[in-house]
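Architecture and fold: a report
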Amino acid sequence: MEETNHRKISMKTGSARLLLHYPYLLFGSFALLITTCLFVFAKSTKAQKPEVVDIALESGFQDAWFGHFKRGRAMVAADFDLDGRVDFYVGNPGDESFVIRNTTELDGKVHFEMVQVLLKGEVAWGASAADYDNDGDYDLFITLGGNESTGYNHLFKNLWMESGMSQLCFIDVTDTAGLRGPVLPDFESPPPLASAGAVWGDYDRDGDVDLFVNVRAVNSLVDPNSEPASPLLLRNILWRNDGDGTFTDVTDEVGLGVSLRQTQHSTFLDIDNDGDLDLFENNLGDRNVLWRNRLMESGTASFEDVTREFSNPPSDNLSYPIWSFASTAADFNNDGWQDLIVFVNGNRTELLSPYRLGHAFFLNQRGKGFVNVAEKAAINNPYQKKRGTMGCQVGDLNDDGIPDVYMGNGGPWLGQVDQLYLSNSKVSEIPHYVNMSHLIDFPAPKDPSLVGKYPPYPYRSHAVSFADVDGDGLLEIAVASGGPARWPDSAREPNRLFKFVNRDKRPNYFKVRPIGNGTTVSSDAIGTRFALTVSQGGGAPWKIYNTLLGGSCFSAQNGFEVHFGLKDADAIHSLEVIWPDGFRETITEGLSVNSSVVIVRGA
């Protein structure tokens, strides 16, 4: 039986016109923010169309550290030093991969500074953050190889708490954690693998977060010297967190070891709202697999293939699209059930697919199956089939309560213009999107001191993260750009940091950062689900849903603060919380628009 609790909270609200990045205050079993922001927009008699500017150069995010751009892959947003500002890990195969700290001050001008180079020269492909040791700060897992090479993955422990919150520093604890890799049959030691994405989630609900690593083979087009991989080397890995700083490979034990495919960027989600984490396995050049976790039904965590069962109606097929490059989950129609987008790369013909060439947009039919509504949603208008999508992300960029979609395009050889789709539908409807790619279709601003080092536009986009980097309550778009690790300097490209400006009317927002108790819920609270009830002008209320994910899309993560776009809603009635251990609570007081709160799962 899941527990339910109702409680009230109070919030301290600042009187200044602009309040940014105040530390979080803890009060007993729960915590509260301290607020955010209120940027005052100049009034104008003329309606202004929203514009997008790239603030990467002025903020230091463009990434010309060490005298050159990088071959960007991973982009992880996380507040590594717990100061209320979103920091980043940026993974760059063949170049320096590093952590940068957000040092934005009260004037709102964004600035980043270098903290630490974690890897240099290694083919750092994917990454995701979590608090694996439940000490209160966010650690980093980095995968190596991807489509380009093989190697040994790394777990970096954040020493922020150990330093007395005085020094941000990471140490490599891969070997002590047992994450160097599994010893496979016919191998005497862990073989190097081509690992792509990695996502965190507490699949066994034991209070510490576990790790699923996507494994594939090297792309011979990127590395002509690569040899065909043994089928054993295509086995994905589910690492169970043992709660003592070590991990155990339980892939075969839970039933996931039978899938030996080219897995890219899979997604944890709860397909049937039973309270345990299921898994969508995203494969490139082979069928995708939907795995249902049997923990709640049987008392033991194990996974069964329900791809066919959840392809409902029968005209749909979750195995397709075959040439999918990444996936992610969100509640796009705000019905309380998590949906899926599967992003496709290239223009390969799929003869048996029931769908037209393009991305798939699977709406969850209240736990009874998924139906592809990509055509109605208009996310393939047009589909970029010349080179295709690599990076991607979803989140509410226009703050209307519906997740928007970003597609980072290109291929190993050349870049391609990215695509931005903003919703124009109503909450609870089948979402519909308008192609607003023109807003982001322009080259990076140039630093005069780097003349001759800027490659031709468009670039090759990979990981994309949505995060509020300046604390104004609105999401920015961070994009990692670059080509293959073994290619010449022309494959090094500038990163982007897009910001929306000149909105005619500033939309409202709400943000919440959950913190687990470290016993029944991991400290990072990955997997926590929310339902926010809001209204406008005393009218009928409506709900907006969101979930804290431990990784999303292509080697990316949107941080640990969950963002709600409210559009014109001016009142918040309640915040319903479902913690990963099943504990439910409803917060009814102290909630206001344009604010941020922190909540902590009680011991």
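Everything quoted here is computed from the prediction, not taken from an experiment. (Residues numbered from 1 in each chain as written. Predicted model: local features only at pLDDT ≥ 70, side-chain atom pairs only at ≥ 80, totals over all residues. Heavy atoms only, no water.)

Our next topic: the state of the cysteines. As used in these notes, a disulfide is a covalent bond between sulfur atoms, one from each of two cysteines. Summed over all chains, the structure comprises zero disulfides. Here Cys392 stays free of any disulfide, with the sulfur of Cys553 as its closest cysteine sulfur at 3.5 Å. (Disulfide = S-S within 2.5 Å.)

For the rest of this paragraph, the subject is the nonpolar core. Counting residues in each nonpolar core, the largest one holds 63 residues, and the members touching the most others are Phe80, Tyr89, Leu140, Trp200 and Phe510. Summarising the domain contributions, this core has at least three residues from each of domain 1 (94-457) and domain 2 (509-600). Membership of the second largest hydrophobic core comes to 45 residues, among which are Ala326, Ala330, Met407 and Val469. (Core = buried A, V, L, I, M, F, W, Y, C linked by side-chain atoms within 4.5 Å. Buried < 20%, exposed > 50% of the residue type's maximum accessible area, 1.4 Å probe, protein only. Domains from an automatic or database assignment.)

On to the pattern of salt bridges, then. In the structure shown here, the tally under the stated rule is 31 salt bridges. With its nearest N and O atoms 2.3 Å apart, the salt bridge here joins Lys157 to Asp133. Of this pair, Lys157 sits in strand S11 (residues 154-158) while Asp133 sits in the loop between strand S9 (124-130) and strand S10 (139-144); the two residues are 24 residues apart in sequence, bridging distant segments of the chain. The shortest N-O distance in the salt bridge between Glu162 and Lys157 comes to 2.8 Å. (Salt bridge = Lys/Arg side-chain N within 4 Å of Asp/Glu carboxyl O. Helix = DSSP H or I, 4+ residues; strand = E, 2+ residues; numbered from the N terminus.)

On to the sheet that holds strand S24 (residues 370-372). A sheet is described by the order of its strands in space; here four strands give the open sequence S21-S22-S23-S24, paired in antiparallel fashion. Either end of the sheet is taken by a strand with one partner, and the two such strands are strand S21 (324-330) and S24. Ignoring which end each strand starts from, the neighbouring axes of this sheet average 20° apart. Pairing between S21 and strand S22 (residues 339-344): six bridges, direction antiparallel. Bridge pairing links Ala326 to Phe343 in S22. (Pairing = 2+ DSSP bridges. Axes fitted to C-alpha atoms, helices over the stretch in contact; angles between N-to-C directions.)

Right, let's get into the sheet that holds strand S35 (residues 556-558). Strand order in the open sheet formed by five strands is S8-S7-S6-S5-S35, with mixed pairing between adjacent strands. Each edge of the open sheet is held by one strand with a lone partner, namely strand S8 (112-120) and S35. In this sheet, neighbouring strand axes are inclined to one another by 20° on average, regardless of whether the strands run parallel or antiparallel. Relative to S35, strand S5 (residues 74-78) is paired through three bridges, and the arrangement is parallel. Its bridge partner lying in S35, Met75 is registered against Ala556.

Now for the environment of Arg529. Residue position: Arg529 is located in strand S33 (residues 529-535). Of the residues examined, Arg529 reaches a relative accessible area of 16% and is grouped as buried. A C-alpha to C-alpha distance of 29 Å links Arg529 and Asn435, two positions 94 residues apart in sequence. Arg529 has contacts with Asp270, Asn273, Gly336, Trp337, Gln338, Asn546, Thr547, Glu576, Val577 and Ile578, leaving out every residue within four places of it along the chain. For Arg529, the side chain forms a polar contact with the main-chain oxygen of Gly336, separated by 3.3 Å. (Contact = heavy atoms within 4.5 Å. Polar contact = N/O pair within 3.5 Å; in protein donor to acceptor, adjacent residues only side chain to side chain.)

Inspection of the secondary structure assignment puts Ile599 in strand S39 (residues 595-600). According to the relative accessible area criterion, Ile599 is buried, its value standing at 0%. For Ile599 and Gly516, which are 83 residues apart along the polypeptide, the C-alpha to C-alpha distance reads 8.6 Å.

Tallied over the entire structure, the rule returns 24 aromatic pairs. Ring centres of Tyr355 and Phe362 lie 5.9 Å apart, and the angle between their planes is 70°; this geometry places the pair in the edge-to-face category. Classification of Tyr355 by relative accessible area gives buried; the value is 18%. Given a relative accessible area of 0%, Phe362 falls into the buried group. Within the aromatic cluster, the residues linked to one another by ring pairs are Tyr132, Phe141, Trp200 and Phe247. A cation over an aromatic ring shows up here: Arg348 above the ring of Trp323, its NZ or CZ 4.0 Å from the ring centre. Above the plane of the ring of Phe442 lies Arg496, whose end atom (NZ or CZ) is 5.3 Å from the centre. (Phe/Tyr/Trp six-rings, centres within 6.5 Å; stacked < 30°, edge-to-face > 60°. Lys NZ or Arg CZ within 6 Å of the ring centre and 35° of its normal.)

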